[in-house]
Amino acid sequence: MTTVADENNGWQFRQCFGDRGDDVDVTEADIISAIEFDYTGDYLATGDKGGRVVLFERNHAKKVCEYKFYTEFQSHEPEFDYLKSLEIEEKINKIRWCKRQNASHFLLSTNDKTIKLWKVFEKSITAVAETCVPADATPKNHKPIASLKLPKIVHHDNMVAAVPRKTYQNAHVYHINSISVNSDGETYLSADDLRVNLWNLDISDQSFNIVDIKPVNMEELTEVITAAEFHPLHCNLFMYSSSKGSIKLGDMRAAALCDQFSKKFEEDEDPANKSFFSEIISSISDVKFSRDGRYILSRDYLTLKVWDINMESKPLQTINVHAHLRGKLCDLYESDCIFDKFECGFSGSGSHVMTGSYSNFFSVYDTAGKEPSNVVLQADKNVFKTKKNKAQTKKTLKKEEYLNADGLDFGKKILHASWHPKENIIALAATNNLFLFQQQS
């Protein structure tokens, strides 16, 4: 009989940050909306709907994976666009770390309209230790000073400070859905529904438009940009995905405006599966390069696809993540769940991929075919409420619960996740909680 330990393939829950109470009491502003490891994996950033960014630091004193609170700051505030009479939410859409050049950390955070570059650094707090005047001196007992002593300043404590270094704004008419730092360390891109802009990190008042798919007549609009990312090694290459299910690779060496893509990764839909929902479920919600830049991972509503950057005709692998939900698409459309945007990610080695689902389930897939096809795990707060069940063989397996579409809680979902760049550690956002899982080698 398969045990839970076998089914999890060594993956174990490690930590949970955030309120451990019932989800009914969750404040909207506390819901996590972005999550990202830095390039070393020693730091982890989360952003929430309240515009806050919280950083965590790896505790290397512990053998197992453990992170501790590092600092927190208010990145964005709610704004109002008076020209368009629109409220701009403070919600953090994306966070991206810049490569570290010195003792300070630099990271980009964005809401729907404004991108900010933050500097996070440790600041020494000093205090006056000695003065000419005795500590117990008062105006009545004060005596003449025989010799003059200079005040002595000593180190008192360290504090972590966060200051905004640059604010990049007024460059996007539509909502920003992606930011990505270039491998050259000097530039980054930002993407909204119809345009991709290129920025220099040092210049906040000017950006270059590198993709513009806006038609002259907006009634002719057939697709929008859903995600964009720079190649991890080649600073001239970037990709962007569309709501039509295609991924386009742009080369900035070929032209300043990359409307003419250099490669297009798209798979024609099987006519047998065509339905009213085909266009909605084919929309790509996230794309990621593998760390060596050779492969592309894309996520649409029902599947994960792994593409070879050298082969445009078809994906190397198609993983059915939500095949068991195909019969419930009508209900999911009625509840708007069909528009949920699930993120995906490669492991550091590129041999595994992961993505989230409903009831706070998430799946890890082995693309090399050396392990079981997929491991289903759950970021569940019940782990704190019940004692560990020793008779695990009698417990319903996670995979069986996951495939039971009628038993899923569509109000709980893992939309945002990040994989550690060097180790098999996954950080996941489940409503207002941050979960960490690690695979034991």
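For the structure given in this document, a descriptive report is provided here. (Residues numbered from 1 in each chain as written. Predicted model: local features only at pLDDT ≥ 70, side-chain atom pairs only at ≥ 80, totals over all residues. Heavy atoms only, no water.)

**Concerning the layout of surface pockets**
If you roll a probe as big as a water molecule over the atoms, it shows you where there is empty space left. As a reminder, the rule being used: Buried and open spaces are told apart on a 1 Å grid over the protein atoms alone, a cavity being a set of points where a 1.4 Å probe fits but cannot get out and a pocket being an open set with protein on both sides within 12 Å along at least five of seven lines. Residues with an atom within 4 Å of a point are the lining residues. Grid points are joined across faces, edges and corners, and a volume is the space filled by probe spheres set on the points. Strands are runs of DSSP state E lasting at least two residues, helices are runs of H or I lasting at least four, and both sets are numbered from the N terminus onward. Only Asp, Glu, Lys and Arg are considered charged in this grouping, and only Ala, Val, Leu, Ile, Met, Phe, Trp, Tyr, Cys and Pro are considered nonpolar; every other residue, Gly among them, is considered polar.
Here the largest pocket is characterised by a volume of approximately 1200 Å³. What lines the largest pocket is a set of 50 residues, among which Lys91, Asp340, Lys341, Leu415 and His416 lie closest to the centre. When residues of the lining of the largest pocket are traced back to their parent elements, those giving at least two are strand 2 (32-37), strand 8 (94-97), strand 12 (178-181), strand 16 (225-230), helix 2 (278-281), strand 20 (286-289) and strand 29 (425-430). Of the residues assigned to the lining of the largest pocket, the class counts are 18 nonpolar, 14 polar and 18 charged.

**As for the side chain of Lys116**
For the record, the criterion: Buried, partly exposed and exposed residues are distinguished by accessible area as a fraction of the type maximum, computed with a 1.4 Å probe on protein chains only: under 20%, between the cut-offs, and over 50%, respectively. Think of it this way: Lys and Arg go in the positive column, Asp and Glu in the negative one, and His and the chain ends go nowhere. Should a side-chain nitrogen of Lys or Arg be within 4 Å of a carboxyl oxygen of Asp or Glu, the pair is scored as a salt bridge. By the convention used here, residues are in contact when the closest approach between their heavy atoms is within 4.5 Å.
On the secondary structure map, Lys116 appears in strand 10 (residues 115-130). Look at Lys116: it is buried, it has no salt bridge, and the nearest opposite charge is Glu79 at 6.0 Å. The residues contacting Lys116, other than those within four sequence positions of it, are Ser75, His76, Leu107, Leu108, Ser109, Lys166, Thr167 and Tyr168.

**Quick notes on empty space enclosed by the protein**
Applying the stated rule across the entire model yields 1 cavity of 30 Å³ or more. In this structure, the largest cavity spans a volume of roughly 50 Å³. Along its surface, the largest cavity is lined by Ala34, Ile35, Glu36, Asn93, Lys94, Ile95, Arg96, Lys288, Glu343 and Ala417. Elements that contribute at least two residues to the lining of the largest cavity include exactly strand 2 and strand 8. Here the residues of the lining of the largest cavity sort into 4 nonpolar, 1 polar and 5 charged.

**Here's the deal with the sheet that holds strand 16**
Working definition: the strands of a sheet are paired by backbone hydrogen bonds and lie parallel or antiparallel to each other. Put simply, the rule reads: At least two DSSP bridges between two strands are required for those strands to pair. To obtain each axis, a line is fitted to C-alpha atoms, and for helices this fit is confined to the stretch in contact; angles are then taken between N-to-C directions over 0 to 180 degrees.
Taken in spatial order, the 4 strands of this open sheet run 16-17-18-19, and their pairing is antiparallel. The open sheet is flanked by strand 16 and strand 19 (263-265), the only strands paired with a single partner. Sheet twist, expressed as the mean angle between neighbouring strand axes with direction ignored, is 20°. The sheet contact formed by strand 17 (residues 237-242) and strand 18 (residues 247-251) spans 5 bridges and is antiparallel. Across the sheet, residue Leu237 finds its bridge partner in strand 18, namely Asp251.

**Describing the pairing of strand 30 (residues 433-439)**
Of all 7 residues in strand 30, 7 are buried, a share of seventy percent or more. A two-sided burial pattern is seen for strand 30, the buried positions comprising Asn433, Phe435, Phe437 and Gln439 on one face and Leu434, Leu436 and Gln438 on the other. Pairing analysis gives 6 bridges linking strand 1 (residues 11-17) to strand 30, with the strands arranged antiparallel. Note on strand 30: the bridge partner recorded for Trp11 is Gln439. Where strand 29 lies against strand 30, 6 bridges are found, and the strand directions are antiparallel. Each residue of the ladder has a partner; that of Ile425, found in strand 30, is Gln438. Between the antiparallel neighbours strand 29 and strand 30 lie 2 residues, among them Thr431 with a positive phi of about 55°.

**A short note on unusual backbone geometry**
Unusually for a residue other than glycine, Asn170 sits at a positive phi of about 65°. Here Asn170 is to be found in the loop between strand 11 (152-168) and strand 12. Positive phi, close to 60°, is recorded for Ser359, a residue that is not glycine. Take Ser359: it is sitting in the loop between strand 25 (352-356) and strand 26 (361-366).

**Quick notes on the packing of aromatic side chains**
Heads up, the condition is: Aromatic pairs are defined between Phe, Tyr and Trp rings, using the six-membered ring for Trp, whenever the two ring centres lie within 6.5 Å; interplanar angles under 30 degrees are classed as stacked, those over 60 as edge-to-face, and all others as tilted.
Counted under the stated rule, the structure contains 24 aromatic pairs. Summarising the aromatic geometry, the rings of Phe17 and Phe56 are spaced 4.5 Å apart at their centres and angled 45° between planes, so their arrangement reads as tilted. Linking Phe17 in strand 1 with Phe56 in strand 4 (residues 52-58), this pair joins segments that are 39 residues apart in sequence. Overall, Phe17 belongs to the buried group, its relative accessible area being 18%.

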